[in-house]
Amino acid sequence: MRASEQTADQAEGLRRIAPPRPVRDIEVTSGKGGVGKTNVSVNLALGLALNGRETLLLDADLGLANVDVILGLHPTYNLSHVIGGERSLEEVILSGPSGLKVVPASSGVREMADLGSAGNAGIIRAFSELGQKLDVLVVDTAAGISDSVISFCRASQEVIVVVCDEPASITDAYALIKVLSRDYGLSRFRVLSNMARTVHEGQALFEKIARVTDRFLDVALDYLGMVPYDEYLRKAVQRQRAVVDAYPRSRAGVAFRSLAQKADGWPMPETARGHLEFFVERLIHRGCEPCKVA
Ligand SMILES: Nc1ncnc2c1ncn2[C@@H]1O[C@H](COP(=O)(O)OP(=O)(O)O)[C@@H](O)[C@H]1O
Ligand SMILES: [Mg+2]
């Protein structure tokens with residue numbers, strides 16, 4: 001065997017025994033629409049990218065204010081092209097600011113839970129090839145308690161529930177936490193108060209929801225703090241930029257950077273070991289069985 005072949009062999013052997021790189025996955029959800037999920041996802045993901053993390057933001061919402069619109073990106077392809085075998089995941093991914101990678105929204109996220117075994121293998125391969133280079137996956141989920149929202153939350157290690165000071169936001173967040181805990185065994189949620197006018201208001205919002213979950217559900221809620229209501233965030237949205245990028249010193253910009261800092265410090269659970277393929281495996285195999293039976 002020539003020396004170069006030997007080196008290549010050794011490298012291959014090392015790759016095989018090297019522990020897979022952990023990928024942190026974070027779902028941003030809320031129950032109710034319009035509370036700021038997409039802005040939280042974009043700014044958290046970008047904050048993590050600014051911290052030097054290789055971050056992929058997956059847009060799992062087909063709503064109007066999509067991730068690509070907020071970031072001024074122009075997608076040609078999306079996940080449904082990967083599932084259909086027409087494009088590789090690399091070809092679908094868009095480059096956002098500071099190296100942030102974005103998978104634009106598509107009906108593909110719904111299809112993922114419903115693929116046959118050949119399709120499953122294909123999509124797992126597509127993600128695992130990419131997983132080598134990733135530190136964090138952030139998923140912007142749709143409003144409501146649809147099968148796809150449930151599947152994403154079940155597959156991930158961290159679920160951030162965004163709430164704002166509207167009665168429907170609290171009741172919908174509670175309904176989502178209730179379904180995820182009672183029917184699917186999720187027991188830990190992180191709550192972020194968005195568009196709060198004061199620190200006190202943000203905390204009071206959290207306490208409102210924690211009072212009801214403490215009474216009726218067996219879950220642990222962690223308060224993540226608040227992101228203030230900030231006109232600069234709206235200005236940034238109009239300019240199709242993330243507020244952490246366009247107005248980093250604005251109150252919302254600072255709050256999102258601190259949120260990213262916190263997320264970076266969360267412990268990696270044991271199940272985090274593994275490439276992104278494990279996330280996709282969990283997503284596909286856990287699916288939403290009780291929903292189908294119901
Ligand atoms: N912290 C904030 N300050 C001011 N406006 C905000 C804030 N967060 C969100 N918004 C505004 O609220 C609206 C809904 O936000 P979006 O992120 O699209 O919510 P969702 O994804 O939950 O539907 C947008 O117009 C956005 O500009
Ligand atoms: Mg949204």
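It should be noted that the structure appears before, not after, this text.
Residues numbered from 1 in each chain as written. Chains lettered and ligands numbered in written order. Predicted model: local features only at pLDDT ≥ 70, side-chain atom pairs only at ≥ 80, totals over all residues. Heavy atoms only, no water.

Before going further, it helps to spend a moment on the packing of aromatic side chains. Under the criterion given, the structure shown has two aromatic pairs. Note on Phe206 and Tyr223: the rings are 4.8 Å apart at their centroids and 25° apart in plane angle, and the pair reads as stacked. Here Tyr223 lies in strand S8 (residues 220-228) and Phe206 lies in helix H10 (residues 199-216), a separation of 17 residues in the sequence. For Tyr223, a relative accessible area of 24% translates into the label partly exposed. The lysine or arginine in question, Arg190, covers the ring of Trp266, its NZ or CZ lying 3.9 Å from the ring centre. Over the aromatic face of Tyr229 sits the side chain of Arg197, whose NZ or CZ is 4.6 Å from the ring centroid. (Phe/Tyr/Trp six-rings, centres within 6.5 Å; stacked < 30°, edge-to-face > 60°. Helix = DSSP H or I, 4+ residues; strand = E, 2+ residues; numbered from the N terminus. Buried < 20%, exposed > 50% of the residue type's maximum accessible area, 1.4 Å probe, protein only. Lys NZ or Arg CZ within 6 Å of the ring centre and 35° of its normal.)

Right, let's get into the pairing of strand S6 (residues 158-163). Taken across its six residues, S6 has six buried, putting it largely inside the fold. Side-chain alternation along S6 places Glu158, Ile160 and Val162 on one buried face and Val159, Val161 and Val163 on a second face that is also buried. Inspection of the sheet shows strand S1 (residues 24-29) paired to S6 by four bridges, in the parallel sense. Paired with Glu27 across the bridge in S6 is Val159. Note that S6 and strand S7 (residues 188-196) share four bridges and pair parallel. In the strand pairing of S7, Val161 is matched with Val191. Following the chain from S6 across helix H9 (residues 167-182) to the adjacent parallel S7, one finds a crossover that is right-handed. (Pairing = 2+ DSSP bridges. Right-handed = clockwise from strand over helix to strand, strands pointing away.)

Its place among the elements puts Arg239 in the loop between helix H11 (231-238) and helix H12 (243-246). With relative accessibility at 45%, the residue Arg239 sits in the partly exposed group. Those residues in contact with Arg239, other than ones at most four positions away along the chain, are Ala246 and Tyr247. (Contact = heavy atoms within 4.5 Å.)

With that out of the way, let us pick up the site of ligand 1. Taken together, 17 residues lie around ligand 1, and Gly34, Lys37, Thr38, Asn39 and Asp230 are the ones closest in. At 3.2 Å from an oxygen atom of ligand 1 is found a main-chain nitrogen or oxygen belonging to Val35. At 3.0 Å, a side-chain N or O of Asn194 approaches a nitrogen atom of ligand 1. For ligand 1, whose free accessible area comes to 560 Å², the fraction covered by protein is 85%. For the shell around ligand 1, the elements supplying multiple residues, two or more each, are helix H2 (37-50), S7, S8 and H11. Grouping the amino acids of the shell around ligand 1 by side-chain chemistry returns eight nonpolar, six polar and three charged. (Near = heavy atom within 4 Å. Polar contact = N/O pair within 3.5 Å; in protein donor to acceptor, adjacent residues only side chain to side chain. Areas by Shrake-Rupley, 256 points an atom, 1.4 Å probe, with all protein chains shown as cover. Nonpolar A, V, L, I, M, F, W, Y, C, P; charged D, E, K, R; others polar.)

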